[in-house]
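Next come the chains, spelled out residue by residue.
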Amino acid sequence: MIRVAPSILSADFTVLGQEIKSITDAGGDWIHFDVMDGVFVPNISIGIPVLESVRRITGCFIDVHLMIVEPQKLAAAFCRAGADLVTVHYEAAEEENILAAIETIHSCGKKAGLSIKPGTPAEIVHKFLPMVDLVLVMTVEPGFGGQGFMHDMLPKIQQVRKMIEEFHPGCLLEVDGGINPETAELVIRHGADTLVAGSYFFKAKDRKGAVEALKIPFKGE
Ligand code: DX5
Ligand code: ZN
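The rules behind each value
Residues numbered from 1 in each chain as written. Chains lettered and ligands numbered in written order. Predicted model: local features only at pLDDT ≥ 70, side-chain atom pairs only at ≥ 80, totals over all residues. Heavy atoms only, no water. Core = buried A, V, L, I, M, F, W, Y, C linked by side-chain atoms within 4.5 Å. Buried < 20%, exposed > 50% of the residue type's maximum accessible area, 1.4 Å probe, protein only. Helix = DSSP H or I, 4+ residues; strand = E, 2+ residues; numbered from the N terminus. Contact = heavy atoms within 4.5 Å. Near = heavy atom within 4 Å. Polar contact = N/O pair within 3.5 Å; in protein donor to acceptor, adjacent residues only side chain to side chain. Nonpolar A, V, L, I, M, F, W, Y, C, P; charged D, E, K, R; others polar. Salt bridge = Lys/Arg side-chain N within 4 Å of Asp/Glu carboxyl O. Donors = N, O, S within 2.8 Å, 3.2 Å for Na, K, Ca; no water. Tetrahedral: all angles 85-135°; square planar, octahedral: opposite > 155°, others 65-115°. Pairing = 2+ DSSP bridges. Axes fitted to C-alpha atoms, helices over the stretch in contact; angles between N-to-C directions.

**Q** Sorry if this is basic, but what is going on with the nonpolar core here?
**A** Most often, soluble globular proteins keep nonpolar side chains buried together rather than apart. Ile8, Phe33, Val64, Val187 and Leu195 are the most contacted members of the largest nonpolar core, which totals 63 residues. At 5 residues, helix α6 (residues 154–167) tops the list of elements feeding residues into this core. Residues contacting isoleucine 8, with those up to four places away along its chain left out, are Phe13, Leu16, Ile20, Ile23, Ile31, His32, Phe33, Ile46 and Phe202. Counting 9 residues, the second-largest nonpolar core is a separate cluster that includes Leu85, Leu136, Leu172 and Val196.

**Q** Honestly, the site of ligand 1 in this entry has me stumped. Any pointers?
**A** Surrounding ligand 1, one finds 20 residues, the nearest of these being Asp34, Gly143, Asp176, Gly198 and Ser199. Contacts to ligand 1 include serine 199, whose side-chain N or O atom sits 2.5 Å from an oxygen atom. Counting only elements with at least two residues in the shell around ligand 1, the list comes to β2 (30–36), β3 (61–67) and β8 (194–197). It is β2 that provides the largest number of residues to the shell around ligand 1, a total of 3 residues. Grouping the constituent residues of the shell around ligand 1 by class yields 8 nonpolar, 10 polar and 2 charged.

**Q** Sorry, what's going on with the pattern of salt bridges here?
**A** Oppositely charged side chains can pair when the atoms bearing their charge come close. Applying the stated criterion across every chain, the model contains 10 salt bridges. Of the charged contacts in the structure, one is a salt bridge between glutamate 95 and lysine 127, with a shortest N-O distance of 2.5 Å. Placement of the pair is glutamate 95 in helix α4 (residues 95–107) and lysine 127 in helix α5 (residues 125–128), with a sequence separation of 32 residues. Residue classification places glutamate 95 among the partly exposed positions, given a relative accessible area of 28%. What emerges from the salt-bridge pattern is a single network uniting Arg3, Arg161, Glu165 and Asp193.

**Q** Got a minute to help me understand the coordination of the zinc ion (ligand 2) in this structure?
**A** Tetrahedral metal sites with four donors have an ideal angle of 109.5 degrees; octahedral sites with six donors have ideal angles of 90 or 180 degrees. At 2.0 to 2.3 Å from the zinc ion (ligand 2) lie its protein donor atoms, namely His32 (NE2), Asp34 (OD), His65 (ND1) and Asp176 (OD). Of note is the zinc ion (ligand 2), whose 6 donor atoms meet at the metal with angles of 70 to 171° in an arrangement that counts as octahedral. Written as a sequence motif, the donor arrangement for the zinc ion (ligand 2) is H-x1-D-x30-H-x110-D. Placement of the pair is histidine 32 in strand β2 and aspartate 176 in strand β7 (residues 172–176), with a sequence separation of 144 residues.

**Q** Honestly, the sheet that holds strand β6 (residues 134–138) in this entry has me stumped. Any pointers?
**A** Paired through backbone hydrogen bonds, the strands of a sheet run either parallel or antiparallel to each other. What the 8 strands build is an open sheet, ordered β1-β8-β7-β6-β5-β4-β3-β2; its pairing is parallel. Bordering the open sheet on either side are β1 (3–6) and β2, each of which pairs with just one other strand. Across the sheet, the mean angle separating the axes of adjacent strands is 25° when strand polarity is ignored. Pairing of β3 with strand β4 (residues 85–89), which is carried by 3 bridges, proceeds in the parallel orientation. Each residue of the ladder has a partner; that of histidine 65, found in β4, is threonine 87.

**Q** Can you walk me through unusual backbone geometry in this structure?
**A** In terms of backbone geometry, most residues other than glycine have negative phi values and most peptide bonds are trans. The backbone phi angle of glutamate 70 is positive, close to 50°, even though this residue is not glycine. Here glutamate 70 shows up in the loop between β3 and α3 (75–81).

This is the structure in structure tokens:
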């Protein structure tokens, strides 16, 4: 099964409620919620108060992507604010603190993910794999929506898929950055099962058609 997670980073925040509704109306599976602190990435986005507001208006699964340093400090707060899954970056803190963040998220009763930036090798996922519910392979440098897909990430997606099959079947494999119907086909063929789409989804006139187009490569297989 392929899941599509529209990223509200590309939404019109003046009408965020309508944008959220358009995700569920279009058949989007998850809401992808990008948190940026201006330190881990050179941009600042949205945080806890916005997450609380989004949680109040939807029952949809909220996939929080923390692009912040020292995520162990705020992981519980994001869980309390309404996240269903919280993903932290491997590069965002010392390994022991990344492990602490994952434990905190689980102790809050939520799912935990681990993300790797384009420059981080797949191998580091190995030791975290038994502990996480999702691995997020970035297919752009985190920080901004609307960037071009990095085709050289495809072997890494395949490598992580192999590791998942061997050591933690059931763990999800998400990709984020530059996803459109063409790149969706490639990442699905390389083993991704959860696709984040920001600009492609929110620019589409027909958002239901956009979600379907991202899932098409998988139909009938
Ligand atoms: C980038 C974010 C993405 C972003 C994707 O740092 O993590 O979720 O919204 O946007 P598109 O789909 O436009 O590349
Ligand atoms: Zn993201």
